[in-house]
Amino acid sequence: MGWEAHDDRAQYAAARQLYALHGRLWWVMWGPGARRYFAFYQGDADLRPLSDTTPRGLDARIRHAQAVIARTRPASYWRCPVLGCTWTSLNPAPHAPCPAPRKAL
């Protein structure tokens, strides 16, 4: 069966949305050949790429991985010290105003 990029518009849009949520620390993409979403961690912790068949599933895997990283390697990435701010970066980064807390997909 042939495949065309326009056949997966919804999947590419979902991957862009996931990247918008997690893009400071994760590179997110839709893999049309695998029919899966992939996320690659961009920090200094060694993680295998994450994947799932749904955007919601990949979002859950990313959030779980971030919780594990935060617990086991707290210096892996910088978090904004402002209460309620979810800004993260590979390095300390000034930003203003602090973005609103992230919403789950």
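For the structure, see preceding data.
Residues numbered from 1 in each chain as written. Predicted model: local features only at pLDDT ≥ 70, side-chain atom pairs only at ≥ 80, totals over all residues. Heavy atoms only, no water.

(A) A look at the overall build of the protein chain. Counting its regular elements, the protein chain contains 2 helices and 5 strands. In sequence order, the secondary structure elements of the protein chain are arranged as α-β-β-β-α-β-β. Going through the 105 residues of the protein chain one by one, you find that 34% of them count as buried. Considering only residue pairs separated by 6 or more positions, the protein chain has 36% of its internal contacts joining residues 24 or more positions apart. Entry remark: accessible area of the protein chain is about 6800 Å², with carbon and sulfur atoms responsible for 58%. (Helix = DSSP H or I, 4+ residues; strand = E, 2+ residues; numbered from the N terminus. Buried < 20%, exposed > 50% of the residue type's maximum accessible area, 1.4 Å probe, protein only. Contact = heavy atoms within 4.5 Å. Areas by Shrake-Rupley, 256 points an atom, 1.4 Å probe, with all protein chains shown as cover.)

(B) Inspection of the pattern of salt bridges at higher detail. Applying the stated criterion across every chain, the model contains 3 salt bridges. For R35, the salt bridge goes to D8, with nearest N and O atoms at 2.7 Å. You can see R35 sitting in the loop between strand 1 (26-31) and strand 2 (36-41) and its partner D8 sitting in the segment before helix 1 (9-22), a full 27 residues away along the chain. By relative accessible area, R35 is classed as partly exposed at 37%. Given a relative accessible area of 2%, D8 falls into the buried group. (Salt bridge = Lys/Arg side-chain N within 4 Å of Asp/Glu carboxyl O.)

(C) Quick look at the sheet that holds strand 3 (residues 50-52). Read across the open sheet, the 3 strands follow the order 1-2-3; overall the sheet is antiparallel. Because the sheet does not close on itself, it has two edges, and the strands there are strand 1 and strand 3. Averaged over all adjacent pairs, the angle separating strand axes in this sheet is 20°, with direction ignored. Pairing analysis gives 3 bridges linking strand 2 to strand 3, with the strands arranged antiparallel. Bridge pairing in strand 3 places F38 opposite S51. (Pairing = 2+ DSSP bridges. Axes fitted to C-alpha atoms, helices over the stretch in contact; angles between N-to-C directions.)

(D) Quick peek at the environment of P32. Position of P32 among the secondary structure elements: in the loop between strand 1 and strand 2. The exposure class of P32 is partly exposed, given its relative accessible area of 24%. Here the alpha-carbon distance between P32 and E4, two residues 28 residues apart in the chain, equals 9.4 Å.

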